[in-house]
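Examining the three-dimensional arrangement
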Amino acid sequence: MTAVSTKPGLADYAARPETSRGRIHLEPSHSYRGDYERDRDRVIHSSAFRRLVYKTQVFVNHEGDLYRTRLTHSLEVGQIARTAAGRLGLNEQLVEAICLSHDLGHTPFGHAGQEALNRCMQGFGGFEHNLQSLRVVDKLEDKYASFPGLNLTFETREGILKHCSKRNARELGDLGLRFIERRQPGLEAQLANLADAIAYNNHDVDDGLRSRLITVDELKEVRLFGEQYTEVMRQYPQLSRRAMIHETVRAMINLVVTDLINTTLANLQQSKPESIDAVRELPPQVLFSEPMLEQHLALKKFLNQSLYRHEKVVAMTRQADTVVTELFGLFMADPALLPADHAVKVGADSNDHQARAVADYVAGMTDRYALSEHARLTGKKLAL
Ligand code: MG
């Protein structure tokens, strides 16, 4: 493994507040806080960010206090990305702002909730959590005097919007353009995207083993885990099961992050982009090496088959689907059930407006709030 050099300063290809494409609503700059720093702080102070603590990653929040939630997931993504950003000469504050906001649009109950809400929203423009994260920071947070949303910089919003259909992209102005013209976002956005994948692969190994839905013996067959586990066993044969798993996951994260940094540095040394705009014209630069990508994908495939499709997770998924679908149906049938601040947003009489307001409200719910609202409104008590 090649050594990663000591921390450089901000590179030419990094995002800089002074060359930012700015905010939708013009604001005076702060006397001592940079624009990306302000973006990050606004995200941390948002109510959508606080709600992430009670939203499922894979395991429903009340299954145990030790499992990841969307909040701790977002913090882990931010930590991994910041470490790499420092070594790559990228803007750490921007990368952190992107990572902390990337999951703000997630529904309760993880992907099960998203799929249910998307199904409910067919005919009303659909529902997509990534686009919803942007909607939260652009429109739904309601707390500033001079603008709706958090009024974040273009670069943070560019990083939040990881993928987007061409149809939706056409409605997003400048921000949507890259999906139509097939261009890349800045390196900070590319990095946040891969840090997300590194974080969930690794913490789902940890959470999956903790839940005992997957076993060490099964995982040893997956090279990325197996090789690190064997090495930890060799060095510390007396270690407890828990510490053994922790040391293995720690070694896995270190291995993939180091590979990512070295591969990306090599890419950038070749392509030598002189600005973030030059980066946007290049193919993706933040990448794993081919052999590491293979290992990363093999682990992802294993988790997909063995954990996310485990019968216990699937059973939870079915219940979550019922909660979200029934809540949506109830609020559509009787919009008077919506709380006042959401009802106002219904505005016009059109069904589309009403459906979007209901989707915004349901998507914003935490797991436990969705469950208690569902129980209150239907009289049914579902055990998730
Ligand atoms: Mg994520």
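Some points on the layout of surface pockets
- Quantified by volume, the largest pocket comes out at close to 1,100 Å³.
- What lines the largest pocket is a set of 46 residues, and nearest its centre among them are H111, K162, D196, Y200 and K300.
- Those elements that place two or more of their residues in the lining of the largest pocket are helix 3 (70–88), helix 5 (110–120), helix 7 (154–160), helix 9 (177–181), helix 10 (187–211), helix 15 (290–308) and helix 16 (311–333).
- Its volume calculated, the second largest pocket comes out at about 660 Å³.
- For the lining of the second largest pocket, the residue count by class is 6 nonpolar, 9 polar and 8 charged.

A few points about the nonpolar core
- Counting 56 residues, the largest nonpolar core has L191, V205 and L219 as its most contacted members.
- Those elements giving two or more residues to this core turn out to be helix 3, helix 4 (92–101), helix 10, helix 11 (216–220), helix 12 (223–235), helix 13 (241–271), helix 14 (276–280) and helix 15.
- Broken down by element, the residue count for this core peaks at 11 residues, all from helix 13.
- Among residues more than four places away in sequence, those in contact with V205 are I214, L219, F225, V249, M252, L299 and L303.
- A112, M121, F328 and A363 belong to the second largest nonpolar core, which has 25 residues in total.

Quick notes on helix 12
- An ideal rise of 1.5 Å per residue puts 18 Å on 13 residues; helix 12 measures up with 18 Å between its terminal C-alpha atoms.
- Residues of helix 12 that are buried include every one of L224, F225, G226, Q228, Y229 and V232, and no others.

Concerning empty space enclosed by the protein
- Counted according to the given criterion, the structure contains 1 cavity of 30 Å³ or more.
- Taken as a whole, the largest cavity encloses approximately 30 Å³ of empty space.
- Along its surface, the largest cavity is lined by V77, I98, C99, H102, G159, K162, A189, A192 and N193.
- Broken down by secondary-structure element, the contributors of at least two residues to the lining of the largest cavity are helix 4 and helix 10.
- It is helix 10 that provides the largest number of residues to the lining of the largest cavity, a total of 3 residues.
- Residue classes in the lining of the largest cavity are distributed as 5 nonpolar, 3 polar and 1 charged.

Re the side chain of R40
- In this fold, R40 is placed in helix 1 (residues 35–44).
- A polar atom in the side chain of R40 sits 3.1 Å from the side chain of D41.
- Residues within four places of R40 in sequence aside, it is in contact with Q93, E96, A97 and L100.

Observations regarding the state of the cysteines
- For the structure shown, the criterion picks out 0 disulfides.
- Distance from the sulfur of C164, which forms no disulfide, to the nearest cysteine sulfur (C99) is 20 Å.
- Judged by relative accessible area, C164 falls into the buried class, the value being 18%.

A closer look at the coordination of the magnesium ion
- Only H73 (NE2), H102 (NE2), D103 (OD) and D196 (OD) from the protein reach the magnesium ion as donors, at distances of 2.1 to 2.7 Å.
- All donors to the magnesium ion come from one chain, and their sequence spacing reads H-x28-H-D-x92-D. Remark: H102 occurs in the loop between helix 4 and helix 5 and H73 occurs in helix 3; sequence separation between them is 29 residues. For the pair formed by H73 and H102, the shared burial category is buried.

What about the packing of helix 1 against helix 4?
- Viewed as axis vectors pointing N to C, helix 1 and helix 4 meet at an angle of 25°, and their least axial separation amounts to 8 Å. One way to sum up the angle between helix 1 and helix 4 is to call them roughly parallel. Two packed elements cross with a definite hand, and for helix 1 against helix 4 that hand is left-handed. Contacts from Y36, E37, D39, R40, V43 and I44 of helix 1 reach helix 4 at Q93, L94, E96, A97, L100 and S101.
- In terms of residue class, the contact of helix 1 with helix 4 is made up of 6 nonpolar, 2 polar and 4 charged.

Brief notes about the environment of A266
- Note that A266 resides in helix 13.
- Judged by relative accessible area, A266 falls into the partly exposed class, the value being 39%.
- A C-alpha to C-alpha distance of 20 Å links A266 and I198, two positions 68 residues apart in sequence.

Re the side chain of R42
- Inspection of the secondary structure assignment puts R42 in helix 1.
- Of note is the side chain of R42, whose polar atom sits 3.4 Å from the backbone oxygen of N151.
- For R42, the residues in contact, after removing those within four places along its chain, are R23, E27, Y144, F147, L150, N151 and L152.

Description of the domain arrangement of the chain
- Looking at the assigned domains, one finds that the chain contains domain 1 (29–312) and domain 2 (322–378).
- Computed from C-alpha coordinates alone, the two centres of domain 1 and domain 2 are separated by 28 Å.
- The interface of domain 1 with domain 2 comprises 25 residues on the first partner and 21 residues on the second.
- Buried area between domain 1 and domain 2, both sides added, is near 1,900 Å², and the carbon and sulfur share of it is 64%.
- Here domain 1 and domain 2 share 1 salt bridge between them.
- With its nearest N and O atoms 2.7 Å apart, the salt bridge here joins R135 to D360.
- The interface formed by domain 1 and domain 2 holds 10 residue pairs in polar contact (both at pLDDT 80 or more) in total.
- Sorting the residues of the side of domain 1 that touches domain 2 by element identifies helix 5 and helix 6 (129–140) as the ones contributing at least two each.

Parameters at a glance
- Residue numbers here run from 1 along each chain, matching the order of that chain's written sequence.
- Local features are withheld for residues below a pLDDT of 70 in this predicted model, meaning they are given only at 70 or higher, and side-chain atom pairs are given and counted only at 80 or more; totals for whole chains, interfaces and linings count all residues.
- Excluding hydrogens and water, the side-chain values take into account all heavy atoms of the structure.
- Using a 1 Å grid laid over the protein atoms alone, points where a 1.4 Å probe fits but cannot get out form a cavity; open sets with protein on both sides within 12 Å along at least 5 of 7 lines form a pocket; any residue with an atom within 4 Å of a point counts as lining.
- Grid points are joined across faces, edges and corners, and a volume is the space filled by probe spheres set on the points.
- Labels follow the DSSP assignment, with helices taken as runs of H or I lasting at least four residues and strands as runs of E lasting at least two, numbered in each case from the N terminus.
- Residues are grouped as follows: nonpolar covers Ala, Val, Leu, Ile, Met, Phe, Trp, Tyr, Cys and Pro; charged covers Asp, Glu, Lys and Arg; every other residue, Gly included, is treated as polar.
- Among buried residues, the Ala, Val, Leu, Ile, Met, Phe, Trp, Tyr and Cys ones that are joined through side-chain atoms within 4.5 Å form a nonpolar core.
- Working definition: with a 1.4 Å probe on protein chains only, accessible area under 20% of the residue-type maximum means buried, over 50% means exposed, and in between means partly exposed.
- Contact definition: two residues touch when any of their heavy atoms are within 4.5 Å.
- To estimate the expected span of a helix, subtract one from its residue number and multiply by 1.5 Å.
- For this analysis, a polar contact is any N or O atom pair within 3.5 Å, provided that within protein one partner can donate a hydrogen and the other can accept it, and provided that sequence-adjacent residues contribute only side-chain to side-chain pairs.
- The disulfide criterion is simple: two cysteine sulfur atoms within 2.5 Å.
- Listed donors are limited to N, O and S atoms within 2.8 Å of the metal, widened to 3.2 Å for Na, K and Ca; water is not among them, so incomplete-looking sites are possible.
- Here an angle of 0 to 180 degrees is reported between the N-to-C directions of two axes, which are lines fitted to C-alpha atoms, with helices fitted over the stretch in contact.
- Our angle categories are set so that under 35 degrees counts as roughly parallel, over 145 as roughly antiparallel, 65 to 115 as roughly perpendicular, and the remainder as oblique.
- Handedness of a crossing follows from how the near helix is turned relative to the far one, being left-handed for an anticlockwise turn of less than a right angle and right-handed for a clockwise one.
- Note that domain bounds follow an automatic or database assignment of domains.
- A simple way to read buried area is as the amount of 1.4 Å-probe accessible surface that goes missing from two parts once joined, with both sides added.
- For this analysis, a salt bridge means a side-chain nitrogen from Lys or Arg found within 4 Å of a carboxyl oxygen belonging to Asp or Glu.

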